[in-house]
Amino acid sequence: MKYTYRINILVLLFALPLFAQAQESLTGVIIEVLEGKEVPLIGANVYWLDTSIGTITDENGKFSVPYSKERKQLVISFIGFETETLKVNSNKPIRQVLKSTSNLDEVTLSAEKQTTTKSYLKAANTFTVTNDELLKAACCNLSESFETNPSIDVNFADAVTGTRQIKMLGLTSPYILITTENIPAIRGASQAYGLSFIPGTWVESIQITKGAGSVVNGFESITGQINAELVKPTKDHNFFLNLYAASSERLELNTHFNTQVSDKWSTGIYLHGNTHQKKHDVNDDGFMDMPLYNQINVMNRWQYTNPEKGIVSFINLRYLNDGKQSGQLDFNPDTDKLTTNAWGSEIDTERIEGSFKLGYVNPEIPYQSLGFQMAYSHHQQNSYFGLRIYDIKHESFYSNLIYNSIISDSRHKIKTGANFTYDHYDEFVQTIDYERNDNSVGGFFEYAFDNLDNFTMTAGLRADLHNRLGFFITPRLHMRYTPWEKAALRASVGRGKRIANIFAENQSLFASSRQINILNSGGQIYGLDPEIAWNYGVSYLQGFNLFGRKADITLDFYRTAFENQVVVDWENPYEINFYNLDGQSFSNSFQFELNVNIAEGLDLRAAYKYYDIQTDYNVGKRTKPLVPKHRIFANLGYELLGKNKLAPWKFDATYNWLSEQRYPDTSLSPDQYQLDEFSPTVGTLNVQVTKVFSPKFEVYLGGENVTNVRQPNPIVSPEDPFGANFDTNFVYGPIFGSMYYTGLRFKLD
Amino acid sequence: MKQIITILALCMLNFSFAQDKNARATLEVDGVCGMCKERIEKAAIKTKGVKSAVWSIDTHELDLIYDARKTNTDSISKNVAAVGHDTKFILATEEAYLSVDACCRYRDDQVVKDHESGDVK
């Protein structure tokens with residue numbers, strides 16, 4: 001009895017809404033034709049024209065709409081089908097077949113994708129270098145991945161360390177925050193050679209941000225941020241092989257293995273090896289033009305993805321062993337190390353690192369997410385440069401917790417969190433031991449606003465408590481305004497603070513006879529104070545069409561002004577002096593960049609850069625040495641799609657021109673070792689041809705510095721390396737001359 | 001007494017959904033290009049109570065997250081229709097539809113074809 005009573009009520013309550021519509025209905029069925037057979041079309045819209053009265057067809061293609069004589073036009077529509085508007089004169093059942101629009105000629109849409117993508121929408125001045133861009137110049141490690149990008153300047157490698165240093169906005173890499181997957185990577189002991197410890201094939205894409213950057217990753221970035229996203233086990237090829245050989249007898253090998261282990265876990269093993277065992281001396285100064293080296297680099301990644309729960313996790317393990325040897329041709333490490341028999345240098349590095357990332361995105365509320373990152377590295381470098389020993393052990397721990405959400409709606413996004421870092425340094429420099437611990441705890445808050453129209457803004461604030469830097473605030477602001485179509489006007493301002501690891505960052509200066517002096521003694525870091533700088537910049541991006549083809553121009557102006565800087569003064573040829581800045585030090589950089597798609601498959605990128613970098617040295621205000629005031633860059637890329645669209649030819653040519661560079665003052669040297677005030681100008685040309693045989697296999701052939709431009713005498717006093725005037729740092733151009741290379745890439749999925 | 005409780009309990013069933021602070025809904029909204037996407041999402045987000053609105057050009061689906069105590073799919077549909085985009089049950093008036101740019105006239109089959117063939121972005 002009670003049961004039926006309850007069921008009656010249920011029926012009543014659920015039936016109530018149906019009673020509201022007791023009137024005439026027009027019914028019908030909508031059909032589509034699939035493979036010649038008529039099938040009901042489910043979910044088609046059926047509504048009276050110019051009204052909001054309608055419904056959708058059910059699983060039998062049937063529908064029922066209220067009928068009234070005044071309404072005569074019934075619209076039936078469904079995505080992928082031609083919309084039909086039926087004249088309905090009386091209440092008779094309808095049977096209508098909808099025609100699929102895919103019966104029309106299909107046109108394949110192949111838009112030309114830019115290899116370096118700029119954002120018109122982001123508040124920060126960020127652009128992404130995609131994998132296609134990285135392949136334009138066969139780069140073996142991350143330091144060589146910026147060849148086709150005018151925003152990053154790549155120095156010429158010096159003969160001893162053989163590594164190319166990068167610069168952004170005129171300032172060297174210690175002022176750039178370089179992260180791998182948003183975990184600070186190239187810092188401390190790995191600052192000098194760290195980019196050569198990341199193989200190019202491990203890099204999926206690179207995000208380059210000019211200006212102060214985000215507060216989320218830390219307080220150290222001053223001039224910009226470079227983030228390298230590494231390849232992921234779920235997206236990378238199951239098997240990848242890259243072989244590279246160069247005319248200098250440099251050989252490189254990369255292999256990747258990726259596999260899915262279970263429905264949530266995937267793993268990848270990435271192996272890299274390189275070797276160069278041939279001694280070259282094209283300028284006949286008795287010194288090798290580039291080091292002999294060996295490197296083994298191994299990475300194992302584990303990826304956990306659980307889309308139902310919204311959890312993604314990465315575990316990375318890496319091991320690196322790198323050895324370099326340079327110096328005079330007849331230097332034998334076994335018999336001549338740390339003697340005056342011959343001058344030589346060895347740099348041996350061993351590095352282990354592990355990192356863990358956990359991300360949780362609320363599946364119901366995707367704008368709410370929580371991320372946790374943790375990384376540990378142990379870096380040991382044992383090296384000597386002639387008679388100078390430099391050993392450094394650096395242990396680093398980094399952890400960061402980030403929470404993302406919105407305030408009221410997705411126009412107002414917030415990121416907040418906290419992080420903890422710990423660094424332990426143990427250095428042995430010539431005869432002195434320097435040991436220290438750095439640790440910091442900090443919190444950050446970043447607000448991002450997007451008015452969905454023409455303005456976005458990111459404002460961030462960090463507060464950190466550091467055992468050596470004290471308590472300090474780091475503010476950062478980025479804004480983007482769109483005045484008219486395809487334009488973006490950006491402005492940014494921000495502050496950065498960092499510890500200058502003077503020895504690790506300036507190791508190449510050890511390869512000289514200069515006496516190393518630290519002139520201050522009151523500070524917390526080698527007696528010196530922390531570096532603090534403000535960075536301001538404006539940037540204007542305008543996209544436009546040139547004869548019906550896509551083009552864009554960018555104008556950037558940035559200024560970095562130091563409140564304090566550790567000045568590296570080598571204006572006296574017998575000394576290197578490190579001291580706290582007393583006065584002004586700034587870097588003004590201006591860049592004009594043009595990207596044009598000239599014709600089908602033909603792209604041009606051209607840029608002009610102007611630098612004005614000056615510092616108050618003890619001897620007075622001078623421009624920074626070995627920095628050209630003007631730089632011109634041009635890259636021409638051509639993709640020839642033959643009959644087989646999957647097997648194109650790709651051609652790339654890159655030209656760089658540097659104006660004269662100021663040498664550090666050599667007026668105190670004896671006449672025969674004095675240099676002019678300025679170096680000559682330098683122009684280099686790189687070319688590369690790639691033939692893609694299939695999506696699985698491609699071969700490339702290229703030349704670096706094909707016009708064989710060479711600096712004739714990069715070393716001062718090479719005949720007397722243990723004398724007082726020896727110096728290998730006056731490098732303004734290429735040392736080795738032209739070099740040709742070839743390689744192949746093989747992929748299996 | 002038991003019957004009253006039963007009736008009340010059944011009524012509660014309906015009300016419990018309306019308290020969701022992060023209600024999810026998918027509306028079908030007609031449009032044809034990137035500009036339509038911006039217009040649709042902006043109109044939806046400006047509706048008080050809507051937290052997130054993402055419209056897909058391919059599926060014509062507007063994924064919404066909204067505070068069900070402050071708004072509902074009808075109000076959101078109304079605001080989207082008011083800027084000129086048809087939703088399933090609330091269509092845009094002729095005036096609103098004509099206020100969209102010519103390249104966005106999604107009711108016109110020719111415009112839809114132009115977008116599919118890639119002639120227009």
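Owing to the predicted nature of the structure, the values given are computational and were not obtained by experimental measurement.

Concerning the overall build of chain A
Alright, step 1. Of the regular secondary structure elements, chain A holds 4 helices and 43 strands.
Alright, step 2. C-alpha atoms of chain A, sized along the principal axes, occupy 110 × 60 × 50 Å.
Alright, step 3. In chain A, buried positions account for 40% of the 749 residues.
Alright, step 4. Once local pairs closer than 6 in sequence are excluded, the contacts in chain A between residues at least 24 apart make up 62%.

Quick notes on the overall build of chain B
Alright, step 1. When its secondary structure is counted, chain B shows 5 helices and 3 strands.
Alright, step 2. Ordered by position from the N terminus, the helices and strands of chain B form the series α-β-α-β-β-α-α-α.
Alright, step 3. Counting all 121 residues of chain B, 35% fall into the buried class.
Alright, step 4. Across chain B, the fraction of contacts at a sequence separation of at least 24, relative to all contacts at a separation of at least 6, is 56%.

Remarks on the sheet that holds strand β11 (residues 152-154) of chain A
The strands making up a sheet associate through backbone hydrogen bonding, with each pair oriented either parallel or antiparallel.
All names here are of chain A.
Alright, step 1. With antiparallel pairing, 3 strands are arranged side by side in an open sheet as β11-β12-β13. Each having just a single partner strand, β11 and β13 (171-172) make up the two edges of the open sheet.
Alright, step 2. Bridge analysis of β11 against strand β12 (residues 166-168) gives 3 bridges, and the strand direction is antiparallel. Pairing of D153 across the sheet is with K167, part of β12.

Here we look at the pairing of strand β26 (residues 409-429) of chain A
Residue and element names in this part refer to chain A.
Alright, step 1. Examined bridge by bridge, strand β25 (residues 388-407) and β26 share 18 bridges and lie antiparallel to one another. Within β26, the position partnered with I402 by the bridge is G417.
Alright, step 2. Taking the residues between adjacent antiparallel strands as the criterion, β25 and β26 are bridged by 1 residue, where S408 takes a positive phi near 65 degrees.
Alright, step 3. Relative to strand β27 (residues 432-450), β26 runs antiparallel, the two being bridged by 18 bridges. Along β27, the bridge assignment pairs T421 with S440.
Alright, step 4. In this antiparallel pair of consecutive strands, β26 and β27, the connection spans 2 residues, and Q430 shows a positive phi of 60 degrees.

Points about the environment of S77 of chain B
Residue and element names in this part refer to chain B.
Alright, step 1. As for its position among the elements, S77 is in helix α3 (residues 73-82).
Alright, step 2. Measuring from C-alpha to C-alpha, the distance between S77 and T26 comes to 11 Å, with 51 residues separating the pair along the chain.
Alright, step 3. Not counting residues within four places of it along the chain, the set of residues in contact with S77 comprises L27, T87, F89 and I90.

Comments concerning the sheet that holds strand β1 (residues 23-28) of chain B
All names here are of chain B.
Alright, step 1. Taken together, the 3 strands give an open sheet; going across it, the order is β1-β3-β2, and neighbouring strands pair in antiparallel fashion. Both outer strands of the open sheet, β1 and β2 (50-55), are each paired with one neighbouring strand and no more. Looking at each pair of strands side by side, their axes are set apart by 20 degrees on average, direction ignored.
Alright, step 2. Of the pairings in the sheet, the one linking β2 to strand β3 (residues 61-66) comprises 5 bridges and is antiparallel in character. Directly across from A53, in β3, lies its bridge partner L64.

Structural notes on α3 of chain B
All names here are of chain B.
Alright, step 1. Those residues of α3 lying buried are I76, S77, N79, V80 and A81.
Alright, step 2. Check the buried side of α3 and you find it contacts β1, α2 (34-46), β2, β3 and α4 (94-98).
Alright, step 3. Directly after α3, the chain includes G84, whose backbone phi takes a positive value near 115 degrees.

A short note on the nonpolar core
Alright, step 1. Counting 56 residues, the largest nonpolar core has I198, W202, V203 and A228 of chain A as the members making the most contacts within it.
Alright, step 2. A domain split of this core shows at least three residues from each of domain 2 (116-228) and domain 3 (240-748) of chain A.
Alright, step 3. If we skip the residues at most four places from it in the chain, A228 of chain A touches L142, T180, I198, V203 and I206 of chain A.
Alright, step 4. In this structure, A23, V29, L64 and C104 of chain B belong to the second largest nonpolar core, which totals 27 residues.

Observations regarding the environment of L594 of chain A
All names here are of chain A.
Alright, step 1. Mapped onto the secondary structure, L594 falls in strand β36 (residues 585-599).
Alright, step 2. In the structure, L594 is positioned 11 residues away from R605 in sequence and 5.7 Å away in space, judged by C-alpha atoms.
Alright, step 3. With residues near it in sequence (within four places) discarded, L594 still touches I553 and A606.

Describing the packing of α2 of chain B against α3 of chain B
Residue and element names in this part refer to chain B.
Alright, step 1. Where α2 meets α3, the axes come as close as 8 Å, and the angle between the chain directions of the two elements is 135 degrees. Classified by the interaxial angle, the pair formed by α2 and α3 is oblique. For the element pair α2 and α3, the recorded crossing hand is right-handed. When α2 is examined against α3, the residues I40, A43, A44 and K46 are found in contact with a partner set consisting of I76, N79, V80 and A82.

Quick look at the confidence of the model for chain B
Alright, step 1. Mean pLDDT over chain B works out to 81, with 82% of the residues at or above the 70 mark.
Alright, step 2. Put simply, helix α1 (residues 2-18) of chain B is where chain B has its lowest mean pLDDT, 56, and α3 of chain B is where it has its highest, 91.

Some thoughts on the environment of N155 of chain A
Residues and elements named next belong to chain A.
Alright, step 1. The topology assignment puts N155 in the loop between β11 and β12.
Alright, step 2. In the structure, N155 is positioned 323 residues away from H478 in sequence and 29 Å away in space, judged by C-alpha atoms.
Alright, step 3. Once residues lying within four places of it in the same chain are set aside, the contact partners of N155 are R164, Q165 and K167.

With respect to the confidence of the model for chain A
Residues and elements named next belong to chain A.
Alright, step 1. This prediction gives chain A a mean pLDDT of 90; 95% of its residues lie at or above 70.
Alright, step 2. Low pLDDT, under 50, characterises residues 10-22; the stretch is placed with 3 contacts to residues that sit more than four places away or in other chains.
Alright, step 3. Note on residues 103-111: pLDDT is under 50 here. Beyond four places in sequence and across chains, it has 3 contacts.

A closer look at unusual backbone geometry
Residues and elements named next belong to chain A.
Alright, step 1. Although it is not a glycine, E249 adopts a positive phi angle of roughly 70 degrees.
Alright, step 2. Structurally, E249 is set in the loop between β18 (239-246) and β19 (250-260).
Alright, step 3. Taking the number of C-beta atoms within 10 Å as the measure of exposure, E249 has 12 and is therefore exposed.
Alright, step 4. Residue L338 is not a glycine yet carries a positive backbone phi of 55 degrees.

About the cut-offs
Residues numbered from 1 in each chain as written. Chains lettered and ligands numbered in written order. Predicted model: local features only at pLDDT ≥ 70, side-chain atom pairs only at ≥ 80, totals over all residues. Helix = DSSP H or I, 4+ residues; strand = E, 2+ residues; numbered from the N terminus. Buried ≥ 20, exposed ≤ 12 C-beta atoms within 10 Å, placed from the backbone. Contact = placed C-beta atoms within 7 Å. Pairing = 2+ DSSP bridges. Axes fitted to C-alpha atoms, helices over the stretch in contact; angles between N-to-C directions. Core = buried A, V, L, I, M, F, W, Y, C linked by C-beta atoms within 7 Å. Domains from an automatic or database assignment. Parallel < 35°, antiparallel > 145°, perpendicular 65-115°, else oblique. Left-handed = near helix turned anticlockwise from the far one by under 90°. pLDDT = per-residue confidence, 0-100.

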